[in-house]
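# Coordinate analysis (summary)
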Amino acid sequence: MRFDGKMLLVLGTVALAAATGLATAASAQQQGRQTPQSWNYEIRDGKRVPKNNRQTNADGSWREETRQGNCVTIKERSASGEYKETRQCNPGNPG
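In short, a report on the structure. Quantities reported herein were computed from a predicted structural model and do not represent experimental measurements.

Rules of the game
- Sequence positions are assigned chain by chain, starting from 1 and proceeding in written order.
- Since the coordinates come from a predicted model, pLDDT governs what is reported: local features require at least 70, and pairs of side-chain atoms require 80 or more to be given and counted, while whole-chain, interface and lining totals use all residues.
- Hydrogens and water molecules were not included; the side-chain quantities draw on all heavy atoms of the structure.
- We define a salt bridge as a contact between a side-chain nitrogen of Lys or Arg and a carboxyl oxygen of Asp or Glu at a distance within 4 Å.
- Think of it this way: any DSSP run of H or I at least four residues long counts as a helix, any run of E at least two long counts as a strand, and we number them from the N terminus.
- Three labels apply to residues, based on accessible area from a 1.4 Å probe with only protein chains included: buried if under 20% of the type maximum, exposed if over 50%, partly exposed otherwise in between.

### Details of the pattern of salt bridges
- Taken as a whole and judged by the stated rule, the model has five salt bridges.
- Arg54 is paired through a salt bridge with Glu64; the nearest N and O atoms lie 3.0 Å apart. With Arg54 in strand E3 (residues 53–56) and Glu64 in strand E4 (residues 62–68), the pair connects residues that are 10 residues apart, well separated along the chain.
- For Arg54, a relative accessible area of 45% gives the class partly exposed.
- By relative accessible area, which is 10% here, Glu64 ends up buried.
- Among the salt bridges present, the one from Glu76 reaches Lys84, with a minimum N-O distance of 3.8 Å.
- Overall, the relative accessible area of 48% leaves Lys84 in the partly exposed class.
- Salt bridges sharing common partners tie together Arg63, Glu65, Glu76 and Lys84.

Here it is in structure tokens:
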């Protein structure tokens, strides 16, 4: 009986450590840690998602390009607050 008690204690400790590790990993993913700047994708929900290319100017205007398959979506905002979004799809362009 003494051996069984020690074995249960060891197994319980291992299970607790594993559960704590999984909870820590899940909370780290939910915090939305940033991927390194040199990567061209982000990891969301365990999947690779292309990172948007955004250029921000000193006056507050910006331009962002998002690629999805053969399509490119361009979002632009001027310094005065005007927003414009265009989408272009090229069937011959593999992306």
